[in-house]
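Letter by letter, the chains look like this.
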Amino acid sequence: MHNEIDFSQNDIQAQQNKERYELKQISMSTAFICLVMLAINFVLSICAVSIVKIFNSKILAVLLTGIITLCSVFLPTIIGSHFFGGIKPLVKRGQKKQRNIIDDVLMIVFGFGACVAINYITGILSSIFPFLGKPNGAVSYGNEPFTIGLTVLVFAILPAVCEEFAFRGVIMGIFGKYGDRFAIIVSAFIFGMLHSSFITMIFAFCSGIVFGLIRKNSGSLVPSMIVHFLNNLISVIMACLDNESGIEFYYIVIFVSAVMLMFSFFLIYKRNSGFFSLGGSNCSLSEKDMFRTAFLSCPSMLAFIVISGVIMIL
(Lines give C-alpha, C1' and ligand atoms only; values in the text may rest on other atoms or scores of the structure.)
Protein backbone atom coordinates (compact mmCIF):
# COMPACT_ATOMS: atom_id res chain seq x y z
CA MET A 1 0.00 0.00 0.00
CA HIS A 2 2.83 2.39 0.89
CA ASN A 3 4.47 1.79 -2.50
CA GLU A 4 1.17 2.46 -4.28
CA ILE A 5 0.81 5.81 -2.48
CA ASP A 6 4.39 6.80 -3.35
CA PHE A 7 3.78 5.81 -6.98
CA SER A 8 0.63 7.94 -7.11
CA GLN A 9 2.39 10.94 -5.57
CA ASN A 10 5.24 10.59 -8.04
CA ASP A 11 2.73 10.58 -10.91
CA ILE A 12 1.09 13.75 -9.61
CA GLN A 13 4.46 15.44 -9.19
CA ALA A 14 5.52 14.44 -12.70
CA GLN A 15 2.24 15.77 -14.11
CA GLN A 16 2.64 19.07 -12.28
CA ASN A 17 6.22 19.45 -13.49
CA LYS A 18 5.06 18.83 -17.04
CA GLU A 19 2.28 21.43 -16.69
CA ARG A 20 4.69 23.97 -15.19
CA TYR A 21 7.07 23.45 -18.10
CA GLU A 22 4.29 23.86 -20.69
CA LEU A 23 2.92 26.98 -18.97
CA LYS A 24 6.40 28.47 -18.76
CA GLN A 25 6.95 27.89 -22.48
CA ILE A 26 3.59 29.50 -23.29
CA SER A 27 4.38 32.46 -21.04
CA MET A 28 7.82 32.90 -22.62
CA SER A 29 6.38 32.91 -26.14
CA THR A 30 3.63 35.35 -25.16
CA ALA A 31 6.13 37.67 -23.51
CA PHE A 32 8.28 37.57 -26.65
CA ILE A 33 5.28 38.68 -28.73
CA CYS A 34 4.71 41.55 -26.29
CA LEU A 35 8.38 42.57 -26.39
CA VAL A 36 8.14 42.68 -30.18
CA MET A 37 5.06 44.91 -29.80
CA LEU A 38 7.05 47.30 -27.59
CA ALA A 39 10.03 47.33 -29.94
CA ILE A 40 7.97 48.00 -33.06
CA ASN A 41 5.99 50.73 -31.31
CA PHE A 42 9.19 52.39 -30.09
CA VAL A 43 10.93 52.36 -33.47
CA LEU A 44 7.89 53.44 -35.48
CA SER A 45 7.03 56.20 -32.99
CA ILE A 46 10.50 57.72 -33.38
CA CYS A 47 10.21 57.52 -37.17
CA ALA A 48 6.70 59.02 -37.09
CA VAL A 49 7.81 62.00 -34.98
CA SER A 50 10.63 62.72 -37.44
CA ILE A 51 8.30 62.45 -40.46
CA VAL A 52 5.65 64.71 -38.91
CA LYS A 53 8.30 67.34 -38.09
CA ILE A 54 9.44 67.34 -41.72
CA PHE A 55 6.00 67.55 -43.37
CA ASN A 56 4.14 69.29 -40.50
CA SER A 57 0.85 67.60 -41.43
CA LYS A 58 -1.86 66.86 -38.85
CA ILE A 59 -3.58 64.34 -41.12
CA LEU A 60 -0.28 62.55 -41.69
CA ALA A 61 0.21 62.37 -37.92
CA VAL A 62 -3.17 60.65 -37.52
CA LEU A 63 -2.47 58.22 -40.37
CA LEU A 64 0.93 57.32 -38.94
CA THR A 65 -0.68 56.66 -35.56
CA GLY A 66 -3.02 54.18 -37.25
CA ILE A 67 -0.11 52.49 -39.01
CA ILE A 68 1.75 52.19 -35.69
CA THR A 69 -1.30 50.52 -34.10
CA LEU A 70 -1.60 48.02 -36.94
CA CYS A 71 2.11 47.21 -37.06
CA SER A 72 2.76 47.09 -33.30
CA VAL A 73 -0.39 45.24 -32.17
CA PHE A 74 -2.10 43.45 -35.03
CA LEU A 75 0.87 42.10 -37.02
CA PRO A 76 2.88 40.63 -34.08
CA THR A 77 -0.29 38.92 -32.86
CA ILE A 78 -1.03 37.44 -36.28
CA ILE A 79 2.52 36.15 -36.69
CA GLY A 80 2.89 34.99 -33.08
CA SER A 81 -0.40 33.07 -33.08
CA HIS A 82 1.07 30.56 -35.54
CA PHE A 83 3.35 29.28 -32.78
CA PHE A 84 0.22 28.27 -30.85
CA GLY A 85 -1.58 26.45 -33.65
CA GLY A 86 -3.07 29.37 -35.55
CA ILE A 87 -5.54 32.18 -34.96
CA LYS A 88 -8.83 30.31 -35.41
CA PRO A 89 -8.37 27.71 -32.63
CA LEU A 90 -7.26 30.39 -30.17
CA VAL A 91 -10.07 32.85 -30.87
CA LYS A 92 -12.71 30.11 -30.79
CA ARG A 93 -11.42 28.49 -27.59
CA GLY A 94 -14.03 28.51 -24.82
CA GLN A 95 -16.87 29.97 -26.90
CA LYS A 96 -20.44 29.40 -25.83
CA LYS A 97 -22.47 27.21 -28.17
CA GLN A 98 -25.49 29.51 -28.18
CA ARG A 99 -25.67 33.29 -28.39
CA ASN A 100 -28.37 35.48 -26.87
CA ILE A 101 -28.71 38.99 -28.29
CA ILE A 102 -30.39 40.31 -25.12
CA ASP A 103 -27.51 39.09 -22.95
CA ASP A 104 -25.02 40.59 -25.39
CA VAL A 105 -26.73 44.00 -25.26
CA LEU A 106 -26.86 43.90 -21.46
CA MET A 107 -23.16 43.02 -21.33
CA ILE A 108 -22.32 45.92 -23.66
CA VAL A 109 -24.34 48.34 -21.51
CA PHE A 110 -22.77 46.98 -18.32
CA GLY A 111 -19.27 47.08 -19.83
CA PHE A 112 -19.60 50.69 -20.96
CA GLY A 113 -20.91 51.78 -17.57
CA ALA A 114 -18.16 49.88 -15.77
CA CYS A 115 -15.41 51.40 -17.96
CA VAL A 116 -16.70 54.93 -17.35
CA ALA A 117 -16.78 54.22 -13.60
CA ILE A 118 -13.22 52.87 -13.71
CA ASN A 119 -12.12 55.90 -15.72
CA TYR A 120 -13.70 58.23 -13.15
CA ILE A 121 -12.00 56.46 -10.24
CA THR A 122 -8.58 56.44 -11.93
CA GLY A 123 -9.10 60.13 -12.75
CA ILE A 124 -9.53 60.83 -9.03
CA LEU A 125 -6.39 58.80 -8.28
CA SER A 126 -4.50 60.76 -10.93
CA SER A 127 -5.53 64.09 -9.36
CA ILE A 128 -4.47 62.87 -5.90
CA PHE A 129 -1.24 61.25 -7.13
CA PRO A 130 -0.26 63.24 -10.26
CA PHE A 131 3.08 61.43 -10.52
CA LEU A 132 1.23 58.24 -11.49
CA GLY A 133 0.11 59.65 -14.82
CA LYS A 134 1.28 61.67 -17.77
CA PRO A 135 -0.44 63.30 -20.76
CA ASN A 136 -2.30 60.66 -22.71
CA GLY A 137 -5.41 60.10 -24.81
CA ALA A 138 -6.78 61.22 -28.14
CA VAL A 139 -5.59 64.53 -29.58
CA SER A 140 -7.87 66.88 -31.48
CA TYR A 141 -6.62 67.54 -35.02
CA GLY A 142 -9.44 69.86 -36.07
CA ASN A 143 -13.20 70.04 -36.33
CA GLU A 144 -13.61 69.33 -40.04
CA PRO A 145 -15.81 66.27 -40.80
CA PHE A 146 -12.97 64.42 -42.56
CA THR A 147 -10.44 64.91 -39.76
CA ILE A 148 -13.04 64.03 -37.10
CA GLY A 149 -13.93 60.85 -38.99
CA LEU A 150 -10.25 59.97 -39.40
CA THR A 151 -9.60 60.63 -35.71
CA VAL A 152 -12.51 58.37 -34.72
CA LEU A 153 -11.18 55.65 -37.03
CA VAL A 154 -7.60 55.82 -35.77
CA PHE A 155 -8.13 56.53 -32.05
CA ALA A 156 -11.42 54.72 -31.39
CA ILE A 157 -12.19 52.00 -33.93
CA LEU A 158 -8.72 50.72 -34.84
CA PRO A 159 -7.41 50.26 -31.26
CA ALA A 160 -10.67 48.59 -30.21
CA VAL A 161 -10.50 46.05 -33.03
CA CYS A 162 -6.75 45.38 -32.89
CA GLU A 163 -6.40 45.27 -29.10
CA GLU A 164 -9.47 43.10 -28.50
CA PHE A 165 -8.32 40.72 -31.21
CA ALA A 166 -4.85 40.56 -29.66
CA PHE A 167 -5.64 40.42 -25.94
CA ARG A 168 -9.16 39.02 -25.59
CA GLY A 169 -8.86 36.90 -28.71
CA VAL A 170 -5.39 35.43 -29.11
CA ILE A 171 -3.68 35.96 -25.71
CA MET A 172 -6.78 35.08 -23.69
CA GLY A 173 -7.17 32.05 -25.93
CA ILE A 174 -3.55 31.02 -25.36
CA PHE A 175 -4.09 30.82 -21.60
CA GLY A 176 -7.71 29.65 -21.84
CA LYS A 177 -6.99 26.02 -21.00
CA TYR A 178 -5.77 27.11 -17.56
CA GLY A 179 -9.21 28.43 -16.60
CA ASP A 180 -11.33 31.49 -17.36
CA ARG A 181 -10.20 33.53 -14.36
CA PHE A 182 -6.51 32.89 -15.01
CA ALA A 183 -6.83 33.72 -18.72
CA ILE A 184 -8.80 36.91 -18.08
CA ILE A 185 -6.39 38.19 -15.41
CA VAL A 186 -3.25 37.37 -17.40
CA SER A 187 -4.56 38.98 -20.61
CA ALA A 188 -5.73 42.05 -18.66
CA PHE A 189 -2.36 42.38 -16.90
CA ILE A 190 -0.42 42.17 -20.16
CA PHE A 191 -2.85 44.64 -21.73
CA GLY A 192 -2.28 47.03 -18.84
CA MET A 193 1.51 46.74 -18.94
CA LEU A 194 1.53 47.86 -22.58
CA HIS A 195 0.20 51.29 -21.60
CA SER A 196 2.34 54.35 -21.07
CA SER A 197 1.78 55.29 -17.42
CA PHE A 198 0.87 53.69 -14.11
CA ILE A 199 -2.57 55.31 -14.02
CA THR A 200 -3.43 54.17 -17.55
CA MET A 201 -2.06 50.73 -16.65
CA ILE A 202 -4.49 50.53 -13.73
CA PHE A 203 -7.36 51.65 -15.94
CA ALA A 204 -6.41 49.25 -18.74
CA PHE A 205 -6.04 46.32 -16.33
CA CYS A 206 -9.45 46.92 -14.71
CA SER A 207 -11.19 47.54 -18.03
CA GLY A 208 -9.39 44.49 -19.41
CA ILE A 209 -11.08 42.39 -16.72
CA VAL A 210 -14.44 43.78 -17.89
CA PHE A 211 -13.60 43.10 -21.55
CA GLY A 212 -12.50 39.58 -20.63
CA LEU A 213 -15.75 38.85 -18.80
CA ILE A 214 -17.75 40.08 -21.78
CA ARG A 215 -15.67 38.06 -24.23
CA LYS A 216 -15.96 34.91 -22.12
CA ASN A 217 -19.72 35.17 -21.65
CA SER A 218 -20.63 36.32 -25.16
CA GLY A 219 -18.41 33.80 -26.94
CA SER A 220 -17.50 36.56 -29.39
CA LEU A 221 -15.05 39.44 -29.68
CA VAL A 222 -17.68 41.78 -31.12
CA PRO A 223 -19.34 42.87 -27.81
CA SER A 224 -15.99 43.61 -26.14
CA MET A 225 -14.86 45.49 -29.27
CA ILE A 226 -18.03 47.62 -29.11
CA VAL A 227 -17.46 48.47 -25.43
CA HIS A 228 -13.79 49.22 -26.11
CA PHE A 229 -14.78 51.45 -29.05
CA LEU A 230 -17.37 53.37 -26.99
CA ASN A 231 -14.83 53.93 -24.25
CA ASN A 232 -12.29 55.28 -26.76
CA LEU A 233 -14.97 57.37 -28.47
CA ILE A 234 -15.62 59.30 -25.25
CA SER A 235 -11.98 60.41 -25.22
CA VAL A 236 -12.13 61.43 -28.89
CA ILE A 237 -15.32 63.47 -28.39
CA MET A 238 -13.88 65.24 -25.35
CA ALA A 239 -10.72 66.05 -27.29
CA CYS A 240 -12.82 67.71 -30.01
CA LEU A 241 -14.72 69.89 -27.50
CA ASP A 242 -13.52 72.96 -25.66
CA ASN A 243 -12.79 72.74 -21.94
CA GLU A 244 -16.20 73.93 -20.71
CA SER A 245 -18.19 71.79 -23.15
CA GLY A 246 -15.90 68.84 -22.49
CA ILE A 247 -16.49 69.01 -18.73
CA GLU A 248 -20.27 69.23 -19.21
CA PHE A 249 -20.21 66.31 -21.62
CA TYR A 250 -18.07 64.26 -19.23
CA TYR A 251 -20.46 64.71 -16.30
CA ILE A 252 -23.43 63.83 -18.50
CA VAL A 253 -21.63 60.65 -19.56
CA ILE A 254 -20.87 59.80 -15.91
CA PHE A 255 -24.51 60.21 -14.88
CA VAL A 256 -25.91 58.25 -17.84
CA SER A 257 -23.34 55.47 -17.51
CA ALA A 258 -23.99 55.15 -13.75
CA VAL A 259 -27.69 54.59 -14.47
CA MET A 260 -26.79 52.13 -17.24
CA LEU A 261 -24.40 50.28 -14.95
CA MET A 262 -26.93 49.80 -12.15
CA PHE A 263 -29.78 48.94 -14.51
CA SER A 264 -27.76 46.41 -16.53
CA PHE A 265 -26.23 44.83 -13.39
CA PHE A 266 -29.72 44.29 -11.96
CA LEU A 267 -30.99 42.70 -15.18
CA ILE A 268 -27.91 40.51 -15.60
CA TYR A 269 -28.27 39.29 -12.02
CA LYS A 270 -32.02 38.75 -12.44
CA ARG A 271 -31.58 36.77 -15.66
CA ASN A 272 -29.09 34.50 -13.83
CA SER A 273 -26.87 34.41 -16.89
CA GLY A 274 -23.79 33.34 -14.90
CA PHE A 275 -21.92 36.44 -16.04
CA PHE A 276 -19.65 36.53 -13.00
CA SER A 277 -19.17 32.76 -12.69
CA LEU A 278 -15.91 31.62 -14.22
CA GLY A 279 -14.96 28.13 -15.28
CA GLY A 280 -12.13 26.33 -13.56
CA SER A 281 -9.09 24.63 -15.00
CA ASN A 282 -8.35 21.00 -15.74
CA CYS A 283 -4.77 21.70 -14.73
CA SER A 284 -3.51 20.03 -11.54
CA LEU A 285 -1.59 23.18 -10.53
CA SER A 286 -3.10 25.61 -8.07
CA GLU A 287 -3.93 29.09 -9.34
CA LYS A 288 -1.18 30.57 -7.18
CA ASP A 289 1.32 28.13 -8.69
CA MET A 290 0.13 29.02 -12.21
CA PHE A 291 0.66 32.76 -11.63
CA ARG A 292 4.07 32.12 -10.09
CA THR A 293 5.10 29.96 -13.06
CA ALA A 294 3.73 32.33 -15.71
CA PHE A 295 5.33 35.47 -14.28
CA LEU A 296 8.08 34.86 -11.73
CA SER A 297 9.64 31.76 -13.33
CA CYS A 298 9.73 33.16 -16.85
CA PRO A 299 12.74 35.36 -17.74
CA SER A 300 11.17 36.87 -20.87
CA MET A 301 7.98 37.76 -18.98
CA LEU A 302 10.03 39.38 -16.22
CA ALA A 303 11.95 41.30 -18.89
CA PHE A 304 8.69 42.48 -20.44
CA ILE A 305 7.38 43.65 -17.05
CA VAL A 306 10.61 45.50 -16.21
CA ILE A 307 10.86 47.21 -19.63
CA SER A 308 7.19 48.22 -19.50
CA GLY A 309 7.69 49.61 -16.00
CA VAL A 310 10.69 51.67 -17.15
CA ILE A 311 8.62 53.09 -20.03
CA MET A 312 5.89 54.10 -17.57
CA ILE A 313 8.44 55.88 -15.38
CA LEU A 314 10.00 57.71 -18.33
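In the block above lies the structure referred to throughout.
All figures in this text were calculated on a predicted structure; none of them were measured in a lab. (Residues numbered from 1 in each chain as written. Predicted model: local features only at pLDDT ≥ 70, side-chain atom pairs only at ≥ 80, totals over all residues. Heavy atoms only, no water.)

Engineer: Which residues make up the overall build of the chain, and what values go with them?
Structural biologist: In terms of helices and strands, the chain carries 11 helices and zero strands. Put simply, the chain runs from its N terminus to its C terminus through helices and strands in the order α-α-α-α-α-α-α-α-α-α-α. Against the compact-globule benchmark of 20 Å for 314 residues, the chain has a radius of gyration of 21 Å, which places it among compact chains. Along the longest, intermediate and shortest principal axes, the C-alpha atoms of the chain span 80 × 50 × 40 Å. A burial count over the chain gives 42% of its 314 residues as buried. When the accessible surface of the chain is summed, it comes to about 16,600 Å², and 69% of that surface belongs to carbon and sulfur atoms. With 21 positive and 16 negative side-chain charges, the chain shows a separation of 4 Å between the mean positions of the two kinds. (Helix = DSSP H or I, 4+ residues; strand = E, 2+ residues; numbered from the N terminus. Rg over C-alpha atoms; globule rule 2.2 N^0.38 Å. Buried < 20%, exposed > 50% of the residue type's maximum accessible area, 1.4 Å probe, protein only. Areas by Shrake-Rupley, 256 points an atom, 1.4 Å probe, with all protein chains shown as cover. Lys, Arg positive; Asp, Glu negative; His and termini not counted. Charge placed at Lys NZ, Arg CZ, Asp CG, Glu CD.)

Engineer: With reference to specific residues and values, describe a nonpolar patch on the surface.
Structural biologist: Together, Tyr120, Ile121, Ile124, Ile128, Phe129, Phe131, Ile247 and Tyr251 line one region of the surface with nonpolar side chains, adding up to about 830 Å² of accessible area. Secondary-structure elements contributing two or more residues to the nonpolar patch are α4 (101–128) and α9 (243–271). Sort the elements by how many residues they give to the nonpolar patch and α4 lands first, with four residues. Here Ile121 is to be found in helix α4. (Patch = residues over 30% accessible without salt bridge, like charges linked within 9 Å, V, L, I, M, F, W, Y side chains within 5 Å. Salt bridge = Lys/Arg side-chain N within 4 Å of Asp/Glu carboxyl O.)

Engineer: Before we move on, can you summarise the nonpolar core with the specific residues and values?
Structural biologist: With 57 residues, the main nonpolar core has Phe175, Phe182, Ile190 and Phe304 as its most contacted residues. By residue number, the principal contributor to this core is helix α5 (residues 145–174), which donates nine residues. In contact with Phe182, other than residues within four places in its own chain, are Leu23, Phe175, Glu287, Met290, Phe291 and Ala294. By size, the runner-up hydrophobic cluster in this structure holds eight residues, among which are Val62, Val154, Phe155 and Ala156. (Core = buried A, V, L, I, M, F, W, Y, C linked by side-chain atoms within 4.5 Å. Contact = heavy atoms within 4.5 Å.)

Engineer: Give me the lowdown on the side chain of Ser72, citing residues and values where you can.
Structural biologist: Its location among the elements puts Ser72 in helix α2 (residues 58–81). Among the polar contacts listed, one links the side chain of Ser72 to the backbone oxygen of Ile68, at a separation of 2.6 Å. Other than its neighbours up to four places away in sequence, Ser72 contacts Met37, Ile40 and Asn41. (Polar contact = N/O pair within 3.5 Å; in protein donor to acceptor, adjacent residues only side chain to side chain.)

Engineer: Which residues make up unusual backbone geometry, and what values do they have?
Structural biologist: Phi angles above zero are rare outside glycine, and Asn56 is one such case at about 50 degrees. Note that Asn56 resides in the loop between α1 (2–55) and α2. You can call Asn56 exposed: its relative accessible area is 68%.

Engineer: I'd love a proper account of α5, names of residues and values included.
Structural biologist: Between its terminal C-alpha atoms α5 stretches 40 Å, which fits the 44 Å expected from 30 residues at 1.5 Å a residue. Residue Leu158 marks the point of greatest curvature in α5, where the axis turns by about 35 degrees; the proline Pro159 follows within four residues. Taken across its 30 residues, α5 has 23 buried, putting it largely inside the fold. (Expected span 1.5 Å × (residues − 1). Bend = angle between axes of the 7 residues up to and from the residue.)

Engineer: Would you mind going over the packing of α5 against helix α8 (residues 222–240) in detail, with residue names and values included?
Structural biologist: Contact geometry of α5 with α8 gives a least axis separation of 8 Å together with a crossing angle of 150 degrees. With respect to each other, α5 and α8 are oriented roughly antiparallel. Of the two possible hands of crossing, α5 and α8 adopt the one that is right-handed. Counted together, Thr151, Val152, Phe155, Ala156, Ile157, Pro159, Ala160, Val161, Glu163, Glu164 and Phe165 of α5 and Ser224, Met225, His228, Phe229, Asn232, Leu233 and Val236 of α8 form the full contact between these two elements. (Axes fitted to C-alpha atoms, helices over the stretch in contact; angles between N-to-C directions. Parallel < 35°, antiparallel > 145°, perpendicular 65-115°, else oblique. Left-handed = near helix turned anticlockwise from the far one by under 90°.)

Engineer: Please give an account of the pattern of salt bridges that cites residues and values.
Structural biologist: What the rule picks out here adds up to five salt bridges. Glu287 serves as the salt-bridge partner of Arg181, at 3.0 Å between the closest nitrogen and oxygen. With a gap of 106 residues between them, Arg181 in helix α6 (residues 180–193) and Glu287 in helix α10 (residues 287–296) connect regions that are remote in the sequence. By relative accessible area, which is 46% here, Arg181 ends up partly exposed. Judged by relative accessible area, which is 29%, Glu287 ranks as partly exposed. Residue Arg292 pairs with Asp289 through a salt bridge whose shortest N-O separation is 3.4 Å. In this pair, Arg292 and Asp289 both sit in helix α10, three residues apart, roughly one turn of the helix. It is possible to trace a salt-bridge network through shared partners that takes in Arg20, Asp289 and Arg292.

Engineer: Go over the packing of α6 against α10, please, and point to the residues and values.
Structural biologist: Look at α6 against α10: their axes get within 11 Å of each other, and the N-to-C directions meet at 30 degrees. Taken as axis vectors, α6 and α10 run roughly parallel relative to one another. α10 is crossed by α6, and the crossing has right-handed handedness. Between α6 and α10, the residues in contact are Arg181, Phe182, Ile185, Val186 and Phe189 and Glu287, Met290, Phe291, Ala294 and Phe295, respectively. Its residues assigned to classes, the contact of α6 with α10 comprises eight nonpolar, no polar and two charged. (Nonpolar A, V, L, I, M, F, W, Y, C, P; charged D, E, K, R; others polar.)

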